[in-house]
Number of protein chains: 2
Amino acid sequence: MSVLFSRPCEYALQAVLYLAQKREGEMTSAKELTSKLDIPYHFISKILQDLTYKKLLYSQTGPTGGFALAKSPKKILFLDIVEAIDGKDYKTNCVMGFSECGGEKVCAVHDKWKLIKENIHNMLVSKNIFEMAKEMNR
Amino acid sequence: MSVLFSRPCEYALQAVLYLAQKREGEMTSAKELTSKLDIPYHFISKILQDLTYKKLLYSQTGPTGGFALAKSPKKILFLDIVEAIDGKDYKTNCVMGFSECGGEKVCAVHDKWKLIKENIHNMLVSKNIFEMAKEMNR
DNA sequence: TTAATTTCAGAGTAAAATATCCGAAACTAT
DNA sequence: ATAGTTTCGGATATTTTACTCTGAAATTAA
Ligand code: SF4
Ligand code: SF4
């Protein structure tokens, strides 16, 4: 089911992109996110709380409350979300499951794997989520 | 810990590469593989049995028995192993966890993700495991 | 000030992935 | 034949990941 990123991370990306489509400062409840994105309520709640704790989101309790991006979507990258949830393991992991993909013990796919990792990194930093959200609206 | 491929698949790749370093037809026991590759004995046994069932390996019981590649390592690709164990989900999966990465609902990272998937495929088919094993020996 | 609505914190459960156990069958060498 | 060594098949156990429950605290509006 999931490639590259954990479930919570995938959900976080979806949620953050959704929030980025709202006008700046508008609060969105976990309830809305769960119905629009089809993610289990308690699960997405936890993830949002986590992102809040990590200062990527801002939250507020009460009837008019919910979650919103903690800063301008122009200043948030996919990489920020991924690292907040999954850490940066994906950079060092070996495709074949050997200990670490450092420099020395070079295998036959090392170069290609390295290139792929660079591409992944590039995918995560090339656009901010403001641009992404704009493209999705169409 | 694991990127792209499942644990069993990672282990399978390691094991097959190890077998490819042996001279053609030589049998290798699960016991040897478990100690050389540091993979749980019962677990690697299961995986090898699975690969045997799927005709990628040949096996034999008894003292001189063990496992060997079912065909020449020049005719085996990483892709063969990956598809045997993990199937071909990695081709259709979405980075963000949406249902499927088809053509229509195009997101902001679609093009980059597509390119990455092509690179992954390329990594899996560009060399046969005979060449890989040769490169590893050095 | 009360009731409704929301996030928050922490524990608990369910499911999936990973790993193990066991007894049998196949084979080899003595 | 017999003992030793191996794979095989299927059940079981453990660990990790995914998901849920519950009760409390914060906020809002009537
Ligand atoms: S060089 Fe190859 S085997 Fe070594 S860690 Fe990187 S991907 Fe794995
Ligand atoms: S286009 Fe983007 S959102 Fe759609 S399936 Fe592919 S990666 Fe996922």
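Criteria and thresholds
- Residues numbered from 1 in each chain as written.
- Chains lettered and ligands numbered in written order.
- Predicted model: local features only at pLDDT ≥ 70, side-chain atom pairs only at ≥ 80, totals over all residues.
- Heavy atoms only, no water.
- Least-squares fit on C-alpha atoms with pLDDT ≥ 70 in both.
- Contact = heavy atoms within 4.5 Å.
- Near = heavy atom within 4 Å.
- Polar contact = N/O pair within 3.5 Å; in protein donor to acceptor, adjacent residues only side chain to side chain.
- Helix = DSSP H or I, 4+ residues; strand = E, 2+ residues; numbered from the N terminus.
- Nonpolar A, V, L, I, M, F, W, Y, C, P; charged D, E, K, R; others polar.
- Expected span 1.5 Å × (residues − 1).
- Buried < 20%, exposed > 50% of the residue type's maximum accessible area, 1.4 Å probe, protein only.

Undergrad: Can you break down the relation of the copies chain B and chain A residue by residue, with the values?
TA: In the superposition of chain B on chain A (RMSD 0.1 Å, axial shift 0.0 Å), the rotation amounts to 180°. Viewed as a symmetry operation, the transformation between the two copies matches a two-fold axis. A share of 100% of the interface residues of chain B reappears at the interface of chain A, consistent with the copies meeting face to face through the same patch.

Undergrad: Explain the protein's contact with DNA strand D to me, using residue names and the numbers behind them.
TA: Within the structure, DNA strand D sits among 25 residues, and Pro40 and Phe43 of chain A together with Ala30, Lys46 and Ser59 of chain B are positioned closest to it. Of everything in DNA strand D that lies within 4 Å of the protein, sugar and phosphate atoms constitute 61%. One nitrogen or oxygen atom from the side chain of Lys46 of chain B is found 2.9 Å from a base oxygen belonging to DNA strand D. Mapped onto the surface near DNA strand D, the elements with two or more residues apiece are helix H1 (7–20) and helix H3 (41–53) of chain A together with helix H2 (30–37), helix H3 (41–53), strand E1 (57–60) and strand E2 (66–69) of chain B. A total of four residues in the surface near DNA strand D trace back to one element, the largest contributor, which is H3 of chain B. In terms of residue class, the surface near DNA strand D is built from nine nonpolar, 13 polar and three charged.

Undergrad: How would you explain the environment of Leu57 of chain A if you had to name every residue and give the values?
TA: Residues and elements named next belong to chain A. Mapped onto the fold, Leu57 is located in strand E1 (residues 57–60). Taking C-alpha positions, Leu57 is 4.3 Å from Ala70, a pair spaced 13 residues apart along the chain. Discounting chain neighbours no more than four positions away, the residues touching Leu57 are Leu19, Leu48, Leu51, Thr52, Phe67, Ala68, Leu69 and Ala70.

Undergrad: Got a sec to walk through H1 of chain A? Specific residues and values, please.
TA: All names here are of chain A. Between its first and last C-alpha, H1 extends 20 Å over 14 residues, near the 20 Å set by a 1.5 Å rise per residue. Counting buried positions along H1 yields twelve of 14 residues, so the element is predominantly enclosed. Along H1, the residues that are buried comprise Cys9, Glu10, Tyr11, Ala12, Leu13, Gln14, Ala15, Val16, Leu17, Tyr18, Leu19 and Ala20.

Undergrad: Break down the protein's contact with DNA strand C for me, citing the residues and quoting the values.
TA: If you check the shell around DNA strand C, you find 26 residues, and the closest are Ala30, Lys46 and Ser59 of chain A together with Pro40 and Phe43 of chain B. Take the atoms of DNA strand C that sit within 4 Å of the protein: sugar and phosphate atoms are 62% of them. Between DNA strand C and the protein, one listed contact pairs a base nitrogen with a side-chain N or O atom of Lys46 of chain A at 2.9 Å. A distance of 3.1 Å is found between a sugar or linking oxygen of DNA strand C and a side-chain nitrogen or oxygen belonging to Thr61 of chain B. Going through the elements one at a time, helix H2 (30–37), H3, E1 and strand E2 (66–69) of chain A together with helix H1 (7–20) and H3 of chain B are the ones with two or more residues in the surface near DNA strand C. For the surface near DNA strand C, the element with the most residues is H3 of chain A, which contributes four residues. Residues belonging to the surface near DNA strand C are distributed by class as follows: nine nonpolar, 13 polar and four charged.

Nothing here speaks to function; it is geometry throughout.
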